[in-house]
Amino acid sequence: MSLVTSKEMFKKAYDGGYAIGAFNVNNMEIVQGITEACKEEKAPVILQVSKGARAYANHTYLVKLVEAAVIECPDIPIVLHLDHGPDFETCKSCIDGGFTSVMIDGSAHSFEDNIAVTKKVVEYAHAHGVVVEGELGTLAGIEDEVSHAVGSYTRPEEVEEFVEKTGVDSLAIAIGTSHGAYKFKPEQCTVNEKGILVPPPLRFDILEEVSRRLPGFPIVLHGSSSVPQEYVQMVNAHGGKMPNAIGVPEEQLRHAAKLSVCKINIDSDLRLAMTGTIRQFFDEHPDKFDPREYLKPARANIKEIVRHKLRDVLGCAGKA
Ligand code: G3H
Ligand code: 13P
Ligand code: ZN
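Residues numbered from 1 in each chain as written. Chains lettered and ligands numbered in written order. Predicted model: local features only at pLDDT ≥ 70, side-chain atom pairs only at ≥ 80, totals over all residues. Heavy atoms only, no water.

## Remarks on the site of ligand 1
Move 1: With respect to spatial proximity, eight residues lie near ligand 1, and among them Ser50, His84, His179, Asp267 and Arg271 are the closest.
Move 2: Taking Ser50, its side chain carries an N or O atom lying 2.6 Å from an oxygen atom of ligand 1.
Move 3: A distance of 2.6 Å separates an oxygen atom of ligand 1 from a polar atom in the side chain of Asp267.
Move 4: Protein contacts shield 80% of the accessible area of ligand 1, which totals 300 Å² for the unbound molecule.
Move 5: Each residue belonging to the shell around ligand 1 can be placed in one class, and the counts come to no nonpolar, four polar and four charged. (Near = heavy atom within 4 Å. Polar contact = N/O pair within 3.5 Å; in protein donor to acceptor, adjacent residues only side chain to side chain. Areas by Shrake-Rupley, 256 points an atom, 1.4 Å probe, with all protein chains shown as cover. Nonpolar A, V, L, I, M, F, W, Y, C, P; charged D, E, K, R; others polar.)

## So, the layout of surface pockets
Empty space among the atoms becomes apparent when a probe as large as a water molecule is rolled across them.
Move 1: Estimates place the volume of the second largest pocket at around 430 Å³.
Move 2: Along its surface, the second largest pocket is lined by 18 residues, and Ile196, Leu197, Ser226, Val227 and Gln229 are the ones closest to its centre.
Move 3: Those elements giving two or more residues to the lining of the second largest pocket turn out to be β10 (197–198), α9 (229–237) and α10 (250–258).
Move 4: Residue composition of the lining of the second largest pocket, by class: 10 nonpolar, five polar and three charged. (1 Å grid on protein atoms, 1.4 Å probe; cavity = no way out; pocket = protein on both sides within 12 Å on 5 of 7 lines; lining within 4 Å. Points joined across faces, edges and corners; volume = space filled by probe spheres on them. Helix = DSSP H or I, 4+ residues; strand = E, 2+ residues; numbered from the N terminus.)

## Some thoughts on the coordination of the zinc ion (ligand 3)
Move 1: Around the zinc ion (ligand 3), the protein contributes the donor atoms His84 (NE2), His179 (NE2) and His222 (ND1), which lie 2.0 to 2.1 Å from the metal centre.
Move 2: Coordination of the zinc ion (ligand 3) draws on donor residues from a single chain, spaced H-x94-H-x42-H in sequence. Here His179, found in the loop between β8 (170–173) and β9 (190–191), pairs with His222, found in the loop between β11 (219–221) and α9; they are 43 residues apart in sequence, far enough to count as distant. No difference in accessibility class separates His179 from His222, as the two residues are buried. (Donors = N, O, S within 2.8 Å, 3.2 Å for Na, K, Ca; no water. Buried < 20%, exposed > 50% of the residue type's maximum accessible area, 1.4 Å probe, protein only.)

## A short note on the nonpolar core
Move 1: Counting residues in hydrophobic clusters, the biggest one holds 97 residues, and the most contacted among them are Ile34, Ile78, Leu171 and Val306.
Move 2: Those residues in contact with Ile78, other than ones at most four positions away along the chain, are Leu3, Val4, Met9, Thr35, Val45, Leu47, Val66, Ala69, Val70 and Cys73. (Core = buried A, V, L, I, M, F, W, Y, C linked by side-chain atoms within 4.5 Å. Contact = heavy atoms within 4.5 Å.)

## Some words on the site of ligand 2
Move 1: Neighbouring ligand 2 are 16 residues; Asp83, Lys183, Ser225, Asp267 and Ser268 lie closest to it.
Move 2: In the model, an oxygen atom of ligand 2 is placed 3.0 Å from a nitrogen or oxygen of the His179 side chain.
Move 3: Asp267 is positioned such that a nitrogen or oxygen atom in its backbone is 2.7 Å from an oxygen atom of ligand 2.
Move 4: Protein coverage of the free-state accessible area of ligand 2, which is 300 Å², stands at 96%.

As structure tokens, this is what we get:
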């Protein structure tokens, strides 16, 4: 199988009440960890590349790593997607350079300017067989180089006009998730009977109103890492300092996946798994210096966390 677009994947996910995992890739071990899990779990997958990833690893290296995964995993559909494309030129470069899907993130612009740039990307992408994700509403946190101290929820009354005027294939909305490992401040949370901080619930009312206005249309959730506390503790036990790292509860993501959410973006959880594992390795083996020795367990833990997401959160295991 060669790289595919997300068109058919999203239709099946929508009808089947599950979501596709969109995982960020920056190097070979991350690509391998994700795709080995998807291969074993028979799950379709979206591998996404940010502007920062292209700057770090180089466009060609990332495309070739993903093409290698396609060869190694012939039985699962794989999408190569641009995450948070900041402008038309970046989207065009990825469309010309082998991506099958791009996101144009016009969420920092006015509604009118967001429509204009998104429409321009859609026209170019569709003429080249590539699908496009747009965004309405802003997530708090960091969207590549654009940092929003506070987010603004998506306004459901805007979504029909946006989708109709732009022709986008999917839409990212803001319902309370945010990027990174510090999604909620402790003062926003309540404390449960086990003494664990529980964040405020996502705005499912907004998601439901958006879906009512756009029946059958695939919705995307960014900022959907759950920030597993065992990895936060692993980081902190081995010299790290990540106080109050709090993510989105997995049950809420599972619920969203059963509704109209067809794509769920996860990056921070993989970073945590990799960093926690490597920190522990360095602490336990101060004499070792062969990168393969610490990258191997890091890759294995990325694989296991992705397997868990596919089976228990996204519901897409066995759907390839
Ligand atoms: O949405 C942001 C993703 O986690 C990508 O992050 O821009 O640091 O590569 P990055
Ligand atoms: P997290 O930081 O929650 O993993 O979100 C990643 C993301 O939305 C990438 O676009
Ligand atoms: Zn994002």
